[in-house]
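# Structural description and commentary
Each chain is listed here by its residues.
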Amino acid sequence: MRKPFPLNPKHPERICWGCDKYCATDALGCGNGSGRTMHPAEMLGEDWYLHGDWGLEVDTSTGRAAS
């Protein structure tokens, strides 16, 4: 089972959001040679999930995407 994707984490800059591993920025485990992948909220703002088709079912009571 995958972890539910957080809609607005407290410190998104501390984590790489590129895969389901959610590695710390100083310990990237993907091995793809790239840098940290930013959380969509960092690029698009706190309401990022309202625009576009992200394929997420949002549980507004918990503030997380339903898994």
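The present account deals with the structure reproduced in this document. Not measured: the values here are computed from a predicted model.

## A closer look at the overall build of the protein chain
A count of helical and extended segments in the protein chain gives 1 helix and 2 strands. Secondary structure elements of the protein chain occur, N-terminal to C-terminal, as α-β-β. Among the 67 residues that make up the protein chain, the fraction classed as buried is 19%. For the protein chain, the share of sequence-separated contacts (at least 6 apart) that also reach a separation of at least 24 residues comes to 37%. Accessible area for the protein chain stands at about 4900 Å²; split by element, carbon and sulfur atoms hold 50% of it.

## Section: the packing of aromatic side chains
Taken as a whole, this structure holds 6 aromatic pairs when the rule is applied. Here the aromatic rings of Phe 5 and Trp 48 are separated by 5.9 Å at their centres, their planes lie at 85°, and the arrangement is edge-to-face. Here Phe 5 is found in the segment before helix H1 (40-44), whereas its partner Trp 48 is found in the loop between H1 and strand S1 (57-59), with 43 residues between them in sequence. Of the two residues, Phe 5 and Trp 48, neither departs from the other in class, the shared state being buried. Ring geometry for Trp 48 against Tyr 49: centres 5.8 Å apart, planes inclined by 85°, an arrangement best described as edge-to-face. Exposure remark for Tyr 49: the relative accessible area of 26% places this residue in the partly exposed category. By way of ring pairs, the aromatic residues Phe 5, Trp 17, Tyr 22, Trp 48, Tyr 49 and Trp 54 are connected into one cluster.

## Remarks on the nonpolar core
Within the largest apolar cluster, 7 residues are counted, these being Phe 5, Leu 7, Trp 17, Tyr 22, Ala 41, Trp 48 and Ala 65. Beyond its immediate chain neighbours, meaning those up to four positions away, Tyr 22 contacts Lys 3, Pro 4, Phe 5, Ile 15, Cys 16 and Trp 17.

## A closer look at the state of the cysteines
As enumerated under the stated definition, the model contains 0 disulfides in all. Here Cys 23 is not disulfide-linked; the sulfur of Cys 19 is the nearest cysteine sulfur, at 5.6 Å.

## Focus on the pattern of salt bridges
Counted according to the given criterion, the structure contains 1 salt bridge. Measuring nitrogen to oxygen at the nearest pair gives 2.5 Å for the salt bridge that ties Arg 36 to Glu 42.

Criteria and thresholds
- Residues numbered from 1 in each chain as written.
- Predicted model: local features only at pLDDT ≥ 70, side-chain atom pairs only at ≥ 80, totals over all residues.
- Heavy atoms only, no water.
- Helix = DSSP H or I, 4+ residues; strand = E, 2+ residues; numbered from the N terminus.
- Buried < 20%, exposed > 50% of the residue type's maximum accessible area, 1.4 Å probe, protein only.
- Contact = heavy atoms within 4.5 Å.
- Areas by Shrake-Rupley, 256 points an atom, 1.4 Å probe, with all protein chains shown as cover.
- Phe/Tyr/Trp six-rings, centres within 6.5 Å; stacked < 30°, edge-to-face > 60°.
- Core = buried A, V, L, I, M, F, W, Y, C linked by side-chain atoms within 4.5 Å.
- Disulfide = S-S within 2.5 Å.
- Salt bridge = Lys/Arg side-chain N within 4 Å of Asp/Glu carboxyl O.

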